[in-house]
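Reading the structure
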Amino acid sequence: MKTQGKQTQSTRQKFYRQIITMLLLIQTMLIGVNAKNRIQQGDSPIEVLIWMINQCIPVLKQASSLKEKQKKSLLPTHHHSEDK
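Calculation rules
Residues numbered from 1 in each chain as written. Predicted model: local features only at pLDDT ≥ 70, side-chain atom pairs only at ≥ 80, totals over all residues. Heavy atoms only, no water. Helix = DSSP H or I, 4+ residues; strand = E, 2+ residues; numbered from the N terminus. Buried < 20%, exposed > 50% of the residue type's maximum accessible area, 1.4 Å probe, protein only. Areas by Shrake-Rupley, 256 points an atom, 1.4 Å probe, with all protein chains shown as cover. Patch = residues over 30% accessible without salt bridge, like charges linked within 9 Å, V, L, I, M, F, W, Y side chains within 5 Å. Salt bridge = Lys/Arg side-chain N within 4 Å of Asp/Glu carboxyl O. Core = buried A, V, L, I, M, F, W, Y, C linked by side-chain atoms within 4.5 Å. Contact = heavy atoms within 4.5 Å. Phe/Tyr/Trp six-rings, centres within 6.5 Å; stacked < 30°, edge-to-face > 60°.

Time to look at the overall build of the chain. Summing up its helical and strand segments, the chain has three helices and zero strands in all. Counted from the first residue to the last, the chain has its helices and strands arranged as α-α-α. Expressed as a percentage of the 84 residues in the chain, the buried residues total 11%. Summed over its atoms, the accessible surface of the chain is roughly 7,500 Å², and 61% of this surface lies on carbon and sulfur atoms.

Together, F15, Y16, I19, I20, L23, I26 and L30 give the surface a local cluster of nonpolar side chains, amounting to about 670 Å² of exposed area. Mapped onto the elements of the fold, I26 is located in helix α1 (residues 2-40).

By size, the foremost hydrophobic cluster in this structure holds seven residues: L24, I31, A35, V48, W51, C56 and V59. Contributing elements (two or more residues each) for this core: α1 and α2 (45-74). Each residue touching I31, except ones within four places of it in the same chain, is listed here: W51, M52, Q55, C56 and V59.

Secondary-structure assignment places T28 in helix α1. For the pair T28 and V59, spaced 31 residues apart in sequence, the C-alpha to C-alpha distance is 7.4 Å.

Let us look at the packing of aromatic side chains. Across all of its chains, the model carries one aromatic pair by this definition. Taken together, a centroid distance of 6.2 Å and an interplanar angle of 50 degrees make the contact between F15 and Y16 tilted. F15 sits in the partly exposed class, given a relative accessible area of 46%. Among the residues examined, Y16 registers a relative accessible area of 46% and is labelled partly exposed.

Pairs can form between side chains of opposite charge whenever their charged atoms are close. Following the criterion strictly, the structure yields one salt bridge and no others. The salt bridge involving D43 is made with R38; its shortest N-O contact spans 3.2 Å. For D43, a relative accessible area of 27% gives the class partly exposed. With a relative accessible area of 24%, R38 lands in the partly exposed category.

Below is the structure:
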C-alpha cells in the first residue's frame, strides 16, 4: 500500500509541476505581449527591455525553485542496507 501511495503522490506532484510550468510559460508569454504593447505605445526599447528583465526575474526564481524541488524529489531515499 505504501508503494501505491508514494506512486500516487509522485504522480500528483508531477502533475502539479506540469501545471506550474505551464503557468510560468503563460506568464512569460504575457510579459512579451505586454512589452510589445509598450513599444507600440512609444516606450523606448531599452526601457522595455529593462522592464522585461525586472518582470522575468521572479519567473526565473520560481522556475529555479521548481527545478530544485524536482531534483530533491528524485534523490534516492533508500539506504544501502535496504537494497540488499
